[in-house]
Amino acid sequence: MREGELRERLLRPLLRELKDGARDQVVVGGLENLIQNLAKPFPRLQSLFQGYGGKTPEERKEILLEAIRFLKDGLTALPPRAQAASLPSPCRRRTP
């Protein structure tokens, strides 16, 4: 899985969790387990979510906001798929 795809995949439950009031009920087993399993390329996220289930909803919201910012910043740094797909491929014409 590409980094951009992983960022998008991780963003979805984090945004739902924030919308749900940071109650740690969006995914079975909790967000901490999800992050520990899927976010191996992002050690920053793994450390952010350590002990997530034991924190207050307000503390969780701050963690979520920081994690969402981190994931979105990485997406804007990557070229959009559509933009990359629309770039012409280099080709050379042979002249006789």
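Bear in mind that the values here come from a model prediction, so they are computed numbers and not experimental data.

Reading the values: the criteria
Residues numbered from 1 in each chain as written. Predicted model: local features only at pLDDT ≥ 70, side-chain atom pairs only at ≥ 80, totals over all residues. Heavy atoms only, no water. Helix = DSSP H or I, 4+ residues; strand = E, 2+ residues; numbered from the N terminus. Contact = heavy atoms within 4.5 Å. Axes fitted to C-alpha atoms, helices over the stretch in contact; angles between N-to-C directions. Parallel < 35°, antiparallel > 145°, perpendicular 65-115°, else oblique. Nonpolar A, V, L, I, M, F, W, Y, C, P; charged D, E, K, R; others polar. Phe/Tyr/Trp six-rings, centres within 6.5 Å; stacked < 30°, edge-to-face > 60°. Buried < 20%, exposed > 50% of the residue type's maximum accessible area, 1.4 Å probe, protein only. Lys NZ or Arg CZ within 6 Å of the ring centre and 35° of its normal.

Below, the discussion takes up unusual backbone geometry. One non-glycine residue with positive phi stands out, namely Ala22, at about 55 degrees. For Ala22, the location among the structural elements is in the loop between helix 1 (3-19) and helix 2 (31-38). In the Ramachandran plot, Asp24 falls in the positive-phi region, its phi being about 60 degrees despite a non-glycine side chain. Structurally, the position occupied by Asp24 is in the loop between helix 1 and helix 2.

Turning our attention to the side chain of Gln46. Examined against the element boundaries, Gln46 turns out to sit in helix 3 (residues 43-48). The contact partners of Gln46, leaving out residues within four places of it in the chain, are Ile35, Gln36, Ala39 and Lys40.

On to the packing of helix 1 against helix 2, then. Two elements in contact, helix 1 and helix 2, have axes separated by 12 Å at closest approach and are oriented at 175 degrees. One way to sum up the angle between helix 1 and helix 2 is to call them roughly antiparallel. Along the contact surface, helix 1 presents Leu6, Arg9, Leu10, Pro13, Leu14 and Glu17, while helix 2 presents Leu31, Leu34, Ile35 and Leu38. When grouped by side-chain class, the residues that make up the contact of helix 1 with helix 2 number 8 nonpolar, no polar and 2 charged.

The next thing to look at is the packing of aromatic side chains. Each pair of aromatic rings is reported with the distance of its centres and the angle of its planes. Applying the stated criterion across every chain, the model contains 2 aromatic pairs. Seen in terms of ring centroids, Phe42 and Phe70 are 5.8 Å apart; in terms of plane orientation they differ by 80 degrees. Their pairing is edge-to-face. In this pair, Phe42 is assigned in the loop between helix 2 and helix 3 and Phe70 in helix 4 (residues 57-77), connecting sequence segments 28 residues apart. Note on Phe42: relative accessible area 5%, which makes it buried. Taking 5.1 Å as the distance between ring centres and 40 degrees as the angle between the ring planes, the aromatic pair formed by Phe49 and Tyr52 counts as tilted. Of the residues examined, Tyr52 reaches a relative accessible area of 0% and is grouped as buried. Across from the ring centre of Phe70, 4.9 Å away, lies the NZ or CZ of Arg7, which sits over that ring.

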